[in-house]
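Each chain, written out:
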Amino acid sequence: MSNKPIIFSGMQPSSGSLHIGNYIGALTQWVEMQETFDAYFCVVNLHAITVPQDPAELAARTRLTAAQYIAAGIDPEKSTLFVQSHVPAHTELAWVLNTITGFGEAGRMTQFKDKSQRHGSDKSSVGLFTYPMLMAADILLYQANTVPVGEDQRQHVELTRNLAERFNSRYGHTFTIPTPQIQKETAKIYDLQDPESKMSKSAASEAGLLSILDDPAVTTKKIMRAVTDADGEIRFDRENKPGVSNLLTIFAVLSHRSVESVQNEFAGRGYGDFKKALAEIVAETFTPIRNRTNELLDDPAELDRILFTAAERANATANQTLNTVYDRVGLLRR
Ligand code: TYM
């Protein structure tokens, strides 16, 4: 047991590659935070099946997501990197949390509203509706103090806080109340083709999505074709120049510089030059991550060993919390 504060975060293994929004909005923060926090990073495969998944692909993408975490700098010796379905307490606590969540309260979650509107209510699963309570269970089982995520997860973390407070006041202090950590400048990376919308794996066109496992020829093409504007000036102005501002953010984060310094460097130069330089930085950042991901996938037994070891640790912590919850609620322990 350490005395370090605790963080928990996760990603769904629902695509063939993480995108640069996941990388900048979450993963880069995780890599830094694992140095000072007791960190749990989860591949949330139970969340992924709230929308239809191909079974073989889901299994492959679960390992692939874990491999990308490691390749991007998550150190399994420092952090507990595990797969959600390896820790049954997640679904067990989620059930208890479902029973203290209001139907209307869950219905107000904007991600549920968006997704169910897109698919229609008959095609939307009950699992999609209860998704946020499973996410709350993820966080609360580890008594996380901090949850580093992108802006789109803020409402889910707020719900988690409300449920934790409600449980604590009804049954006695049980859960730490978690705080979301959302980096202001990088909380939302936008689609390259539609820079008013969040970059997302469910976007209409592949061209707007920068995937970290894409070949550099592909990322370069996508960057060169990214939507900008007609005024020709490289300047950060989210409202009037969303495309250029998004590219500036990505450039600054990947080169560990401020937006201002990038802006100064490119003052008076054309979009073509700027995009070319950005494409180089993207390739430089992601080529080693892609190579390392492939190496890790070449040895699935070793990857599984890492995940199983972490799952043992995660189970030990999660079951402690679950036992307390069961006692408080009056459920006989297993
Ligand atoms: P997911 O898999 O959609 O995304 C993973 C992380 O990436 C962030 N993100 C972005 N950040 C900036 N710009 C973007 N365009 C962008 N797109 C995605 C997300 O905010 C997230 O941090 N429900 C979660 C997974 C989850 C979770 C948890 C997270 C399940 N349990 C517990 C934290 C704690 C999700 O679907 O993330």
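Residues numbered from 1 in each chain as written. Predicted model: local features only at pLDDT ≥ 70, side-chain atom pairs only at ≥ 80, totals over all residues. Heavy atoms only, no water.

1. Focus on the packing of helix α1 (residues 20-33) against helix α10 (residues 242-254)
Next up, step 1: Direction vectors running N to C along α1 and α10 enclose 60°, while the axes themselves pass 12 Å from each other. Relative to α10, the element α1 is oriented oblique. Where α1 crosses over α10, the handedness of that crossing is left-handed. On α10, the residues touching Ile20, Tyr23 and Ile24 of α1 are Ile250, Val253 and Leu254.
Next up, step 2: Taken together, the residues of the contact of α1 with α10 break down into 6 nonpolar, no polar and no charged. (Axes fitted to C-alpha atoms, helices over the stretch in contact; angles between N-to-C directions. Helix = DSSP H or I, 4+ residues; strand = E, 2+ residues; numbered from the N terminus. Parallel < 35°, antiparallel > 145°, perpendicular 65-115°, else oblique. Left-handed = near helix turned anticlockwise from the far one by under 90°. Contact = heavy atoms within 4.5 Å. Nonpolar A, V, L, I, M, F, W, Y, C, P; charged D, E, K, R; others polar.)

2. With respect to the site of the ligand
Next up, step 1: Lining the immediate surroundings of the ligand are 28 residues, of which Tyr131, Asp138, Gly150, Asp152 and Ile189 lie closest.
Next up, step 2: Gln153 is positioned such that a nitrogen or oxygen atom in its side chain is 3.0 Å from a nitrogen atom of the ligand.
Next up, step 3: Met199 is positioned with one of its backbone polar atoms (N or O) 2.9 Å from a nitrogen atom of the ligand.
Next up, step 4: Put simply, the ligand lies in the largest pocket.
Next up, step 5: The class makeup of the residues in the shell around the ligand is 12 nonpolar, 11 polar and 5 charged. (Near = heavy atom within 4 Å. Polar contact = N/O pair within 3.5 Å; in protein donor to acceptor, adjacent residues only side chain to side chain. 1 Å grid on protein atoms, 1.4 Å probe; cavity = no way out; pocket = protein on both sides within 12 Å on 5 of 7 lines; lining within 4 Å. Sits in = over half its atoms within 2 Å of the grid points.)

3. Regarding helix α6 (residues 110-119)
Since the α-helix packs 3.6 residues into each turn, any two residues three or four apart lie on the same face.
Next up, step 1: Of the positions making up α6, those classed as buried are Gln111, Phe112, Lys115 and Ser116. Buried residues along α6 cover an arc of 115° about the axis, so they all sit on one side. In α6, the exposed positions angled more than 90 degrees off the buried face are occupied by Gln117 and Arg118.
Next up, step 2: Next to the buried residues of α6 lie α5 (103-107), α7 (126-141) and α8 (154-171).
Next up, step 3: Downstream of α6 by a residue or two, Gly120 has a phi angle that is positive, lying close to 90°. (Buried < 20%, exposed > 50% of the residue type's maximum accessible area, 1.4 Å probe, protein only. Arc of directions from axis to C-beta.)

4. What about the environment of Pro195?
Next up, step 1: Assignment of secondary structure puts Pro195 in the loop between β5 (179-181) and α9 (216-224).
Next up, step 2: Residue class for Pro195 comes out buried when judged on its relative accessible area of 8%.
Next up, step 3: It is 30 Å that separates the C-alpha atoms of Pro195 and Thr130, two residues lying 65 residues apart in sequence.
Next up, step 4: In this view, Pro195 contacts Tyr190, Val227, Arg238, Pro242 and Gly243; residues no more than four positions away in its chain are not counted.

5. Topic: the pairing of strand β3 (residues 80-83)
Next up, step 1: Here β3 shows no split at all, with Thr80 and Phe82 on one side and Leu81 and Val83 on the other all buried.
Next up, step 2: Pairing between strand β2 (residues 38-43) and β3: 4 bridges, direction parallel. In the strand pairing of β3, Phe41 is matched with Leu81. (Pairing = 2+ DSSP bridges.)

6. A word on empty space enclosed by the protein
Next up, step 1: In the structure shown here, the tally under the stated rule is 2 cavities of 30 Å³ or more.
Next up, step 2: One number sums up the size of the largest cavity: a volume of about 50 Å³.
Next up, step 3: For the largest cavity, the full set of lining residues is Gln111, Phe112, Lys115, Leu128, Tyr131, Pro132 and His156.
Next up, step 4: Elements with a contribution of two residues or more to the lining of the largest cavity: α6 and α7. (Points joined across faces, edges and corners; volume = space filled by probe spheres on them.)

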